[in-house]
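Architecture and fold: a report
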Amino acid sequence: MEYLKIIAFTHQQIDLKALGKLVICEQTLDDRLRNIQSELGIKEIFYVGTCNRVEFIFTASATVDRAFITRFMHVLDMGLPEEYMEQFIKNVSVYEQVEAFNHLLRTSCSLESLVVGEKEILAQVRKAYEACRLAGFTGDYMRMIMDRVVKTAKEVYTHTNISRNPVSVVSLAYRKLRELNMCGNVRLLIIGAGETNMNIAQYLKKHKYSNFSVFNRTIEKAENLAKALNGTAYPLSALADYKEGFDVIITCTGATEPILTEELYTKLLNGDTAKKVIVDLAVPNDTAPEVVQNFPLHFIEVESLKEIARKNIQERYDELVHAEHIIDDNIKEFESVLRQRKIEIAMSDVPKKIKEIKHTAMNAIFADEINTMDDNSKAVLERIMDYMEKKCISVPMVMAKEILVKNS
């Protein structure tokens with residue numbers, strides 16, 4: 001794990017609204033990561049961006065000091081003012097080698113989450129890795145890392161109570177909604193058809209809410225979510241002309257600027273003066289501050305859920321200890337697995353070389369002698385050579401692994 005590094009910006013050091021400025025949209029991610037790879041000599045990399053963290057997991061021989069991070073951020077080219085860049089660099093968390101692996105495991109097991117015990121983070125990390133793998137940004141090393149991440153997280157969620165009665169951001173938001181005692185036929189307007197909105201909408205459907213209108217930039221995704229909810233789908237561009245009214249807005253998009261501006265919200269109200277509900281789970285918020293200030297509404301946002309999350313951390317402290325033991329055991333075990341993999345890679349040419357030796361022996365060096373043999377003798381010799389070939393391939397590999405185990 002000598003070259004494993006992580007540059008992390010998280011809710012623990014950075015305000016969630018500010019953190020949203022570091023979120024990279026899917027359309028520009030590949031180009032930004034390619035620039036990082038070429039400019040900084042990074043072999044493998046993947047990016048994780050969630051509502052409470054932005055992290056870059058990569059391999060590099062360079063030391064990740066302030067100069068490296070500064071260059072990393074400038075090559076990333078997020079278009080941020082220098083004062084923002086300085087603030088982010090000042091509050092960055094850096095992890096290297098075993099400490100980096102430990103952090104990735106803790107993150108994927110939700111020990112570092114805003115709400116300890118929520119399982120969404122594992123799915124988010126896997127999805128982020130898979131996207132970068134398909135784009136060619138990761139290789140065999142990150143594959144092994146992620147295999148161990150998934151194994152460890154499953155053990156933590158299975159063998160501890162850390163995820164029992166989970167209180168994720170989505171479930172916290174849903175509980176807040178339930179406290180408002182809404183009737184089953186309330187008009188629910190959903191903006192964004194991503195994983196977060198899909199999850200909260202499924203909560204609502206499960207509890208017999210049925211009046212859904214779904215808006216999304218990509219109409220196909222809106223249609224998929226609307227179909228699952230027996231609702232109606234619209235392109236996001238049609239939001240300003242929507243006249244059907246609403247009681248609750250649930251919004252979570254990847255937009256970097258507010259979608260629900262004061263002007264748009266006024267149009268959506270269409271003269272309705274009743275108190276509404278907005279559940280805004282986007283980072284940064286999809287709702288402009290003026291809407292919250294100037295209209296009667298219940299406003300539920302990620303930031304407002306932080307205090308509840310802090311209480312849950314204390315309640316689940318004992319489970320953190322159990323989870324940490326599982327993580328430590330997996331780190332120790334993985335070090336041996338990693339050494340075995342290095343041997344496998346180093347010896348990957350052995351089968352090819354032995355096959356070449358066999359071919360040369362049979363078809364060149366001893367060809368004349370073999371040609372004088374009868375068919376039955378040739379068949380016996382062939383079986384002998386096949387047996388020797390298999391043993392010459394497998395025995396050195398087994399012996400190398402046994403030596404490795406004894407030395408460790």
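Before any of the text, the structure's been laid out above.
About the thresholds
Residues numbered from 1 in each chain as written. Predicted model: local features only at pLDDT ≥ 70, side-chain atom pairs only at ≥ 80, totals over all residues. Heavy atoms only, no water. Helix = DSSP H or I, 4+ residues; strand = E, 2+ residues; numbered from the N terminus. Rg over C-alpha atoms; globule rule 2.2 N^0.38 Å. Buried < 20%, exposed > 50% of the residue type's maximum accessible area, 1.4 Å probe, protein only. Contact = heavy atoms within 4.5 Å. Lys, Arg positive; Asp, Glu negative; His and termini not counted. Charge placed at Lys NZ, Arg CZ, Asp CG, Glu CD. Pairing = 2+ DSSP bridges. Right-handed = clockwise from strand over helix to strand, strands pointing away. Salt bridge = Lys/Arg side-chain N within 4 Å of Asp/Glu carboxyl O. Phe/Tyr/Trp six-rings, centres within 6.5 Å; stacked < 30°, edge-to-face > 60°. Lys NZ or Arg CZ within 6 Å of the ring centre and 35° of its normal. Polar contact = N/O pair within 3.5 Å; in protein donor to acceptor, adjacent residues only side chain to side chain. Expected span 1.5 Å × (residues − 1).

**Regarding the overall build of the protein chain**
Counting its regular elements, the protein chain contains 17 helices and ten strands. Relative to the globule expectation of 22 Å for 408 residues, the C-alpha radius of gyration of the protein chain, 28 Å, shows a markedly less compact shape. C-alpha atoms of the protein chain, sized along the principal axes, occupy 100 × 50 × 45 Å. A buried classification covers 46% of the 408 residues belonging to the protein chain. Taking all contacts inside the protein chain whose residues are at least 6 apart in sequence as the whole, residues at least 24 apart take part in 72%. Each charge class in the protein chain was averaged separately, 52 positive and 58 negative side chains, and the resulting centres sit 4 Å apart.

**As for the pairing of strand β10 (residues 297–301)**
With five bridges connecting them, strand β9 (residues 276–280) and β10 associate as parallel partners. Of the residues in β10, the one forming a bridge with Val279 is Ile300. Chirality of the crossover, the property in question, places the unit of β9, helix α12 (residues 289–294) and β10 among those that are right-handed.

**What to know about the pattern of salt bridges**
Going through the model one piece at a time under the given rule, you end up with 22 salt bridges. Between Lys5 and Glu96 there is a salt bridge, with the nearest N and O atoms lying 2.8 Å from each other. Linking Lys5 in strand β1 (residues 4–10) with Glu96 in strand β4 (residues 93–96), this pair joins segments that are 91 residues apart in sequence. Relative accessible area serves as the criterion here: at 23%, Glu96 is assigned to the partly exposed category. One salt bridge connects Arg53 with Glu55, and the closest N-O pair in it is separated by 2.5 Å. Arg53 gets classed as buried once you look at its relative accessible area, which sits at 1%.

**A closer look at the packing of aromatic side chains**
Each pair of aromatic rings is reported with the distance of its centres and the angle of its planes. By the definition in use, this model includes 15 aromatic pairs. The interplanar angle of 15° and the centroid separation of 5.1 Å between the aromatic rings of Tyr174 and Tyr203 together place this pair among those described as stacked. Here Tyr174 is found in helix α8 (residues 169–179), whereas its partner Tyr203 is found in helix α9 (residues 195–206), with 29 residues between them in sequence. Taking relative accessible area as the criterion, Tyr174 reaches 6% and is therefore assigned buried. Taken together, a centroid distance of 4.9 Å and an interplanar angle of 70° make the contact between Tyr265 and Phe295 edge-to-face. Linking Tyr265 in helix α11 (residues 262–269) with Phe295 in the loop between α12 and β10, this pair joins segments that are 30 residues apart in sequence. Feature note: the residues Tyr47, Phe56, Phe58, Phe68 and Phe72 constitute an aromatic cluster, connected by ring pairs. Lying across the ring of Phe246, Lys276 places its NZ or CZ 5.3 Å from the centre.

**What to know about the side chain of Arg53**
For Arg53, the position within the fold is in strand β3 (residues 53–59). Reaching out from Arg53, the side chain makes a polar contact with the backbone oxygen of Glu112 at a distance of 2.7 Å.

**Digging into the side chain of Thr138**
Considering the arrangement of structural elements, one finds Thr138 in the loop between α6 (120–134) and α7 (140–159). Residues within four places of Thr138 in sequence aside, it is in contact with Glu44, Ile45, Phe46, Tyr129, Cys132 and Arg133.

**Some words on helix α2 (residues 26–40)**
The end-to-end C-alpha distance of α2, which contains 15 residues, comes to 21 Å, matching closely the 21 Å that a straight helix rising 1.5 Å per residue would cover. Contacts from the buried residues of α2 go to β2 (45–50), β3, α3 (66–76) and α6. Within two residues after α2, Gly41 carries a phi angle of roughly 65°, on the positive side.

Don't take any of this as a statement about function, it's just geometry.
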